[in-house]
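Okay, here's what each chain looks like letter by letter:
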Amino acid sequence: IKFDLPESGPADLAFYDATGQVVFMIRGDYAAGQNQVRLERSDLPVQGFYYYELSIDGQRATKKMVVAGK
């Protein structure tokens, strides 16, 4: 997952299942500009729809993704 940040700092990337439950979270310090987070198949083991939300400095952006079968 690629994302751009206007300035460096801490950010949270949370993954939600269809019921709205957080199933996986990545926290880190990222540089200003383009960043990338790589997920392993085992991070989201159930196939289906997920939402992921990037939170930084009180701002949030949410997108939808599909995890296909192995």
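Everything quoted here is computed from the prediction, not taken from an experiment. Positions within a chain are numbered from 1, following the residues in the order the chain's sequence is written. Residues qualify for local features only when their pLDDT is at least 70, as the model is predicted, and side-chain atom pairs are given and counted only at 80 or more; totals for whole chains, interfaces and linings, by contrast, use all residues. The basis for every side-chain value is the complete set of non-hydrogen atoms in the structure, without hydrogens or water.

This part takes up the overall build of the chain. Starting at the N terminus, helices and strands are each numbered in turn, a helix being any DSSP run of H or I of at least four residues and a strand any DSSP run of E of at least two. For the chain, the count of helices and strands is 0 helices and 6 strands. In sequence order, the secondary structure elements of the chain are arranged as β-β-β-β-β-β. By the compact-globule yardstick of 11 Å for 70 residues, the chain fits well, its C-alpha radius of gyration being 12 Å. Its C-alpha atoms give the chain principal-axis dimensions of roughly 35 × 20 × 15 Å. Our radius of gyration looks at C-alpha atoms and nothing else; its globule reference is 2.2 Å times the residue count to the power 0.38.

So, on to the environment of asparagine 35. Mapped onto the secondary structure, asparagine 35 falls in strand S4 (residues 33–36). A 1.4 Å probe rolled over the protein chains alone gives each residue an accessible area, and that area as a share of the maximum for its type sets the label: buried under 20%, exposed over 50%, partly exposed in between. Given a relative accessible area of 11%, asparagine 35 falls into the buried group. Separated by 23 residues in the primary sequence, asparagine 35 and aspartate 12 have C-alpha atoms spaced 13 Å apart. Ignoring sequence-local partners within four residues, the contact set of asparagine 35 consists of Ile1, Lys2, Phe3, Leu5 and Tyr30. Each polar contact in these results corresponds to two N or O atoms within 3.5 Å; when the atoms are within protein, one needs to be able to donate a hydrogen and the other to accept it, and residues that are neighboring in sequence are counted only if both atoms are side-chain atoms. A polar side-chain atom of asparagine 35 sits 2.8 Å from the main-chain carbonyl oxygen of alanine 31. Within the structure, the side chain of asparagine 35 is placed 3.0 Å from the backbone oxygen of glycine 33, a separation counted as a polar contact. Throughout, a contact is declared for two residues whenever any of their heavy atoms are within 4.5 Å.

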